[in-house]
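Observations on the model geometry
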Amino acid sequence: MAGITPEQALVALQEAELLYSSTQIGSALDRMAALITAELAKRDPLVLLVMNGGFVLGAHLLARLHFPLRVGYLHATRYRGHTRGGEITWIAHPRPSVAEQVVLVVDDIFDEGDTLQSILAEIRQAGAHAVYSAVLVNKRHDRKPAGLIVDFVGLEVPDRYVFGYGMDYQEYWRNLTAIYAARE
Ligand SMILES: O=P(O)(O)OC[C@H]1O[C@H](OP(=O)(O)OP(=O)(O)O)[C@H](O)[C@@H]1O
Ligand SMILES: Nc1nc2[nH]cnc2c(=O)[nH]1
């Protein structure tokens, strides 16, 4: 449940800074899709969307991938509408089974990396043949887990709370077609 009202969400958007327009995001997705195609087009991948944030990127990225693939999902969360992360909660483990599969995990943001690290560990544990990751944005700071590399990154964002294009502002504004930084 959101902790703010729709009116407060509107104010947050008015006060936010535009970081990337939908045109800029589209160009980034074109670049990502070309790299993913080069790597995975012949490997029959299972693309797993990370709910909730990954569904907007997922839809727009999948529309740019013109080779045979299958789609599933998982739901892991650690922010739950807040601007600071906590423990990971698994709402849905990966579906369908990732055993023996070449998996591409699609999420909106790589921030402190705890979410992606848990997801990749779970998928490897479940017997995937190979696991790749793709995120729309990488947040620039030095608080990432050592050794955790994302294979496909669309855009870089500063160390601020960002929203839009699947990313929420206290559960609002996943529906925006651009990316904004919240007022600090
Ligand atoms: O790199 P981290 O610091 O772990 O943060 C990244 C995660 O945070 C967001 O998920 P959130 O828990 O907000 O759930 P949501 O996708 O439902 O918004 C986002 O979708 C990533 O999965
Ligand atoms: N919406 C949103 N979710 C996040 N999860 C981790 N960092 C962020 C962020 O900056 N914005």
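Structure: see above.
Structural notes, computed from the coordinates. Source: prediction; values computed, not measured.

1. Observations concerning the nonpolar core
Counting residues in hydrophobic clusters, the biggest one holds 32 residues, and the most contacted among them are Ile 25, Ile 36, Leu 104, Val 106, Leu 136 and Ile 179. Broken down by secondary-structure element, the contributors of at least two residues to this core are β1 (17-20), α2 (22-40), β2 (46-51), α3 (54-62), β5 (102-110), β6 (130-139), β7 (152-157) and β9 (179-181). Element by element, the count of residues in this core is highest for α2, at seven residues. Residues Val 103, Val 105, Phe 110 and Leu 148 belong to the second largest nonpolar core, which totals 18 residues.

2. Remarks on the sheet that holds β1
Across the sheet, three strands lie side by side as β1-β9-β8; this open sheet has antiparallel pairing. Strands at the two margins of the open sheet, each flanked by one partner only, are β1 and β8 (162-163). Judged from the three bridges that link them, β1 and β9 form a sheet pairing that is antiparallel. Paired with Glu 17 across the bridge in β9 is Ala 181.

3. Comments concerning the site of ligand 2
Around ligand 2, the surrounding shell consists of Tyr 79, Ile 109, Asp 111, Lys 139, Arg 160, Tyr 161, Val 162, Met 167 and Asp 168. Between ligand 2 and Asp 111, the relevant distance is 2.7 Å, taken from a nitrogen atom to a side-chain nitrogen or oxygen of the residue. Lys 139 has a polar side-chain atom sitting 2.8 Å from an oxygen atom of ligand 2. Coverage of ligand 2 by the protein chains reaches 94% of its 280 Å² of free accessible surface. Most atoms of ligand 2, that is more than half of them, are within 2 Å of grid points of the largest pocket.

4. Things to note about helix α4 (residues 114-125)
In a regular helix each residue adds 1.5 Å, so 12 residues correspond to 16 Å; α4 covers 16 Å between its end C-alpha atoms and thus fits that length. In this fold, the buried residues of α4 make contact with β2, β3 (70-77), β4 (89-95), β5 and β6. Following α4 by one or two positions, Gly 127 adopts a phi angle in the positive range, close to 90°.

5. Overview of the layout of surface pockets
Considered as a void within the structure, the largest pocket measures approximately 520 Å³ in volume. Forming the boundary of the largest pocket are 29 residues, of which Thr 77, Tyr 79, Asp 108, Ile 109 and Asp 168 lie nearest the centre. Elements with a contribution of two residues or more to the lining of the largest pocket: β2, β3, β5 and α4. Here the lining of the largest pocket takes four residues from β5, the largest share from any one element. Taken together, the residues of the lining of the largest pocket break down into 11 nonpolar, seven polar and 11 charged.

6. What to know about unusual backbone geometry
For the bond running from Met 51 to Asn 52, omega is 0°, close enough to zero to count as cis. Here Asn 52 lies in the loop between β2 and α3. In this structure, Asp 44 is a non-glycine residue whose phi angle is positive, near 50°. Position of Asp 44 among the secondary structure elements: in the loop between α2 and β2. Although it is not a glycine, Trp 173 sits at a positive phi angle of roughly 70°. Structurally, Trp 173 is set in the loop between β8 and β9. Owing to a relative accessible area of 15%, Trp 173 belongs among the buried residues under this scheme.

Rules of the game
Residues numbered from 1 in each chain as written. Chains lettered and ligands numbered in written order. Predicted model: local features only at pLDDT ≥ 70, side-chain atom pairs only at ≥ 80, totals over all residues. Heavy atoms only, no water. Core = buried A, V, L, I, M, F, W, Y, C linked by side-chain atoms within 4.5 Å. Buried < 20%, exposed > 50% of the residue type's maximum accessible area, 1.4 Å probe, protein only. Helix = DSSP H or I, 4+ residues; strand = E, 2+ residues; numbered from the N terminus. Pairing = 2+ DSSP bridges. Near = heavy atom within 4 Å. Polar contact = N/O pair within 3.5 Å; in protein donor to acceptor, adjacent residues only side chain to side chain. Areas by Shrake-Rupley, 256 points an atom, 1.4 Å probe, with all protein chains shown as cover. 1 Å grid on protein atoms, 1.4 Å probe; cavity = no way out; pocket = protein on both sides within 12 Å on 5 of 7 lines; lining within 4 Å. Sits in = over half its atoms within 2 Å of the grid points. Expected span 1.5 Å × (residues − 1). Contact = heavy atoms within 4.5 Å. Points joined across faces, edges and corners; volume = space filled by probe spheres on them. Nonpolar A, V, L, I, M, F, W, Y, C, P; charged D, E, K, R; others polar.

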